[in-house]
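Structure at a glance
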Amino acid sequence: MIDLRSDTVTLPSPEMKKFMFDAPIGDDVYGEDPSINILEDKARKIFNKESALFVPSGTMANLIAVLSHCERGEEFLVGNKSHIFKYEAGGTSVLGGLLSHQLPNNSDGTININDIITSINHSDDTHYAKTQLLCLENTHNVCYGTAIPKQYFVDVKSAINQYNLKLHIDGARIFNASIALNTEVKELTEQADSISCCLSKGLSCPSGSLIIGEKDFIIKARRLRKMLGGGMRQAGILAAAGIYALDNMVQRLKQDHDNATELADWLV
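What you are looking at is a predicted structure, and each value in this text was computed from that prediction instead of being measured.

Thresholds, definitions, all that
- Sequence positions are assigned chain by chain, starting from 1 and proceeding in written order.
- Selection of residues for local features in this predicted model requires a pLDDT of at least 70, selection of side-chain atom pairs for listing and counting requires 80 or more, and totals for whole chains, interfaces and linings are taken over all residues.
- Just so you know, side-chain values use all the structure's heavy atoms and leave hydrogens and water out.
- In this text, helices come from DSSP runs of H or I with a minimum length of four residues, and strands from runs of E with a minimum of two, each type numbered from the N-terminal end.
- C-alpha atoms define the radius of gyration, and 2.2 Å times the number of residues to the power 0.38 defines the globule rule.
- Burial status follows relative accessibility: with a 1.4 Å probe on protein chains alone, a residue under 20% of its type maximum counts as buried, one over 50% as exposed, and anything between as partly exposed.
- In these tables, accessible area is a Shrake-Rupley quantity obtained with a 1.4 Å probe, and a residue counts as shielded only by the protein chains included in the view.
- Only four residue types enter the tally: Lys and Arg on the positive side, Asp and Glu on the negative side; His and the chain ends are excluded.
- Just so you know, the charge point we use is NZ for Lys, CZ for Arg, CG for Asp and CD for Glu.
- Think of it this way: DSSP has to see at least two bridges between two strands before they count as a pair.
- For helices, the axis comes from a line fit to the C-alpha atoms of the stretch in contact; other axes are also lines fit to C-alpha atoms, and the angle between any two N-to-C directions lies between 0 and 180 degrees.
- Contacts were defined at the residue level, with two residues in contact if any of their heavy atoms lie within 4.5 Å.
- For crossovers, right-handed means that the path from the first strand over the helix to the second runs clockwise, given strands pointing away from the viewer.

Notes on the overall build of the chain
Scanning the chain for helices and strands turns up 12 helices and 7 strands. A compact globule built from 268 residues would reach a C-alpha radius of gyration of about 18 Å, and the chain, at 18 Å, matches this within 12%. Projected onto the principal axes, the alpha-carbon positions of the chain cover approximately 60 × 55 × 30 Å. A buried classification covers 50% of the 268 residues belonging to the chain. Here the chain has roughly 13300 Å² of accessible surface; of this, 52% comes from carbon and sulfur atoms. Within the chain, the 33 negative side-chain charges are centred at a point lying 4 Å from the centre of the 26 positive side-chain charges.

Remarks on the sheet that holds strand S2 (residues 75-79)
Here we have 7 strands laid out as an open sheet, ordered S1-S7-S6-S5-S4-S2-S3, and mixed in their pairing. Of all the strands in the sheet, just strand S1 (51-55) and strand S3 (99-103) have a single pairing partner and so form its edges. Pairwise comparison of adjacent strand axes, ignoring direction, gives a mean angle of 20° for this sheet. The strands that helix H7 (residues 150-160) touches are strand S4 (131-137) and strand S5 (166-170); relative to S4, the one it contacts most, it runs at about 175°.

Some words on the side chain of Ser-200
For Ser-200, the position within the fold is in the loop between strand S6 (194-198) and strand S7 (209-213). Sequence-distant contacts of Ser-200, that is, excluding residues within four places in its chain, are made with Asp-7, Thr-8, Thr-10, Cys-205, Pro-206, Ser-207 and Gly-208.

A look at the pairing of S4
Counting buried positions over the 7 residues of S4 gives 6, a clear majority of the element. Across 5 bridges, the pairing between S4 and S5 is parallel. Looking at the pairing, Leu-136 lines up with Ile-169 of S5. For the segment spanning S4, H7 and S5, crossover handedness is right-handed.

Printed below as a string of C-alpha cells:
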C-alpha cells in the first residue's frame, strides 16, 4: 500500500539511520551537542540569517516564534486557513494570551495586501489590542499545497514596514516551495523576521523542526523552548537526521512533485 495521507508518514532511509546512529552527541541545554550545533549553523547559512534553533516539532516552532514576537494581550494577523490558526490547538491564545485576527486566504494561499493593511491596529486607543505580527505560510497546506513566489513577500513586507510589523513565515514545507519555484529558500524568506521549517515531512526525518531568525530573536526563542519543555538534552541523534536531510534529501523532493503530478494526471 502507498500511504498518501501526508508527507509526515515518510521514514528515514537506512543511510539516514546509520548517520544518526554514528552522530556525536552532548547536552544541548548546555549548548554542548555538536550535532545540534552543526545543524543550527547549517540552517542559518542556508536561510542567510544570523541564527537558528532546533525544536521538537513544527507546532512548537510556530508557537515559539509567535510568542517571541508578541507580548500577552497583543494581536497577530494570520490566514483563516493557516496551520497556525486551524491545527495548532489554539496554543497562541492558551499559552501566549494573544489575540489572533484571522484574514481570508485566497485560493493560492496569499492574503490580500489591502486586507492586511486595513486590519492593522497601530493606534494608541486603549480599547484595541496592538497588532505586532503577520504570519504567512509557504507552501500553503490547506490551499492545495501552493508554492507562493518571492515577489508576494516583497510586496507584503514593503506594505507593512511603515507599521513596524514583524513577518513570520510558517515554512513547514519551504523546501518544497524552493524546488517547485526553482528559487533558493534564502530568497523566498529574505523578507521574513523569522521562519519555521519542518524536517519530519518530505525530508523524512523522524522528528524535529527549525526556527531561523536574527540572533536576539533566537536568544528569546531558546528561553521559550526551555519553558515549553523543548530542551531535549542529547538530541543530536535527531539533529543528525536533519543534517543528513539538508545535505541529501532536498533535491529529491522533485521526485515527490513529479510523482504527485503523474498521479493527478491519472485521476483527472
